[in-house]
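What follows is the residue order along each chain.
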Amino acid sequence: MSNETPRRTFAIISHPDAGKTTLTEKLLLLGGGIRSAGTVKGKKSGKFATSDWMEIEKQRGISVTSSVMQLIYNDVQINILDTPGHQDFSEDTYRTLTAVDTAVMVIDSVKGIEAQTLKLFKVCRMRGIPILTFINKLDREGKEPLDLLAEIEEVLEMETYPMNWPIGMGKTLRGIYSRPDKKIEVYNDSHEREIIPYDEQHVLQDFEKERLEEDILLLEEAGNEYTMEKVQNGQLTPVFFGSALSSFGVQSFLNNFVKIAAEPQPRKASGELIEPASNTFSGFVFKIQANMNPNHRDRIAFLRVCSGKFERGMEVMLSRTGKKMKLNQSHSFFASDRETIDTAMPGDIIGLYDSGNFQVGDTLVTGSERLIYEEMPQFPPEKFAKIMAKNALKHKQYHKGMEQLVQEGTIQLYKTPYFEDFIIGAVGELQFQVFEYRMKNEYNVDIEFTHLTHELARWVTKGEVTDRMTDSRRMLVLDQQKRPVILFENDFTLRMFQDKYPDIKLSTGWEILE
Ligand code: G4P
């Protein structure tokens, strides 16, 4: 891949089972990025998706960690960052979204917008990145297309602009009408792509034609105005209907994607906007993964290149510490296959071998100016557990493992004042399971969990805290930086606390999303 090839870096967000993995595979096939279209769900089929490689993923047949995939299409290099879905949900998913320029939201036409889509959507919204919508499973009897658009507009508070329009659905699906070029992509059982100009079409019956014409007229008259500007600032989402499983509408989606998706964007570091074209190389670590391949016991830091050119062996500075280092071991990833990468451009994701230097959120930069990319937002955990090593004699490994896994960002760690009990916090239950698995497999420590009923964490930003603030429904703890945090069971106990202690100011650590 040439350094001049334009880059487009995106992630797919969806609720589980909406069809994210199927769509990803079909996109990779179109770009020649995958050799066979192996089915995805490990549990059922015994095969694994290209993006599922960790042992725990294989066991559960899910995708736990985000991997990176690439395809070349119409002379554009497309970098896809895989994100886990719902039950598998964790902070990784959120963090991955900080490294992309565009998001694709997959919605199941039968179910509409689901809980997890909404959560992920909010993170994209916070960053103001363009969001393209793919409404999937048109081969099934789904909700009415207009209702789906209305749902997106209402729930996500975003304008929609259908780029194509379904002609029928489920058993009566005939095709999709592409609005920009006024052509019909015909739906057929052979899954061969057949595109005909609307005027020359012979597949629609009169009533279907009438219905389509009415729909189009309605969209023209009552629909939103499409501008690239609205798309680029995340105000309007172009909507594509299709069926990933039948490869229907996928190629036209991709044709449009390469035109619409944002190019690598300038990003803020130390108060200034850093242009991708800058001569200075810079990037940030959005994820650290240990033990990616059991054959190589190592850690890999995933870095998003933001500006300049990465060259293997180059000397960079870790801005947090000012330490200089040579980046000799850099990889690109195609799921578990790693290839040494010699150069990388803005928008690319590279994996750097890490012997314990990096933390999530770290900036690497050439030159002497200690640029720091905007802090990775702290994602408010929703699940908490008190933990102990089952075997007290293993305390050394226990502390080492915990320190490393916290540093990687696998979980968040808190301590109670005085007794110094360890409390871990996570966005999703799966993070606990990954933590438990890795403590056992990598550090040989069995962990005992006591799940807590608390669901909210609030940082105390103003006011005196006292040990009286802990009771059966709330708990005072200290975070890694020894900042006081109060864990609450629910909104009600939070409100009670606020009434009782009006001088204490609390923050979610992520107010921007509230
Ligand atoms: P996910 O990554 O978002 O979780 O979804 P995934 O692609 O794994 O798809 C979830 C299920 O939906 C899969 O079924 C898949 O075959 C199916 N699917 C994906 N796209 C389409 C489509 O366009 N039309 C239809 N009808 N189905 C689609 P599965 O896991 O094999 O079986 P099951 O869940 O249906 O039992």
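Residues numbered from 1 in each chain as written. Predicted model: local features only at pLDDT ≥ 70, side-chain atom pairs only at ≥ 80, totals over all residues. Heavy atoms only, no water.

Before going further, it helps to examine the pattern of salt bridges. One side chain can pair with another of opposite charge once the charged atoms of both are near each other. Here the structure, examined in full by the defined rule, presents 20 salt bridges. Between Asp348 and Arg7 there is a salt bridge, with its nearest N and O atoms 2.9 Å apart. Taken as a pair, Asp348 in the loop between strand S21 (343-344) and strand S22 (349-354) and Arg7 in strand S1 (residues 7-14) lie far apart in primary sequence, 341 residues in all. Relative accessible area serves as the criterion here: at 3%, Asp348 is assigned to the buried category. Overall, the relative accessible area of 5% leaves Arg7 in the buried class. Asp108 is the partner of Lys137 in a salt bridge, and the nearest nitrogen-oxygen pair spans 3.3 Å. Here Lys137 is found in the loop between strand S5 (131-136) and helix H6 (145-155), whereas its partner Asp108 is found in strand S4 (residues 102-108), with 29 residues between them in sequence. (Salt bridge = Lys/Arg side-chain N within 4 Å of Asp/Glu carboxyl O. Helix = DSSP H or I, 4+ residues; strand = E, 2+ residues; numbered from the N terminus. Buried < 20%, exposed > 50% of the residue type's maximum accessible area, 1.4 Å probe, protein only.)

According to the stated counting rule, one finds 18 aromatic pairs in the structure shown. Consider the rings of Phe281 and Phe310, whose centres lie 5.9 Å apart with planes at 55°: the pair is tilted. Taken together, the residues Phe281 in the loop between strand S13 (272-274) and strand S14 (282-290) and Phe310 in strand S16 (residues 310-311) connect sequence positions 29 residues apart. When sorted by exposure, Phe281 lands in the same class as Phe310, which is buried. Site record: aromatic cluster; members linked through ring pairs are Phe10, Phe134, Phe240, Phe253 and Phe257. The ring of Tyr161 is capped by Arg179, whose NZ or CZ atom sits 4.4 Å from the centre of that ring. (Phe/Tyr/Trp six-rings, centres within 6.5 Å; stacked < 30°, edge-to-face > 60°. Lys NZ or Arg CZ within 6 Å of the ring centre and 35° of its normal.)

Here we take up the nonpolar core. Counting 75 residues, the largest nonpolar core has Phe241, Phe310, Phe358 and Leu364 as the members making the most contacts within it. Broken down by element, this core gets its largest block of residues, 6 residues, from strand S15 (residues 299-307). Among the domains, domain 1 (7-171 + 225-260) and domain 2 (267-365) are the pair contributing at least three residues each to this core. Counting 29 residues, the second largest nonpolar core, distinct from the first, contains Leu132, Val231, Leu236 and Phe240. (Core = buried A, V, L, I, M, F, W, Y, C linked by side-chain atoms within 4.5 Å. Domains from an automatic or database assignment.)

Moving on, we come to the environment of Gly168. Here Gly168 shows up in the loop between strand S7 (164-167) and strand S8 (175-178). The partly exposed category is assigned to Gly168, whose relative accessible area is 35%. Considering only alpha carbons, one finds Gly168 and Arg211, 43 residues apart in sequence, at a separation of 9.4 Å.

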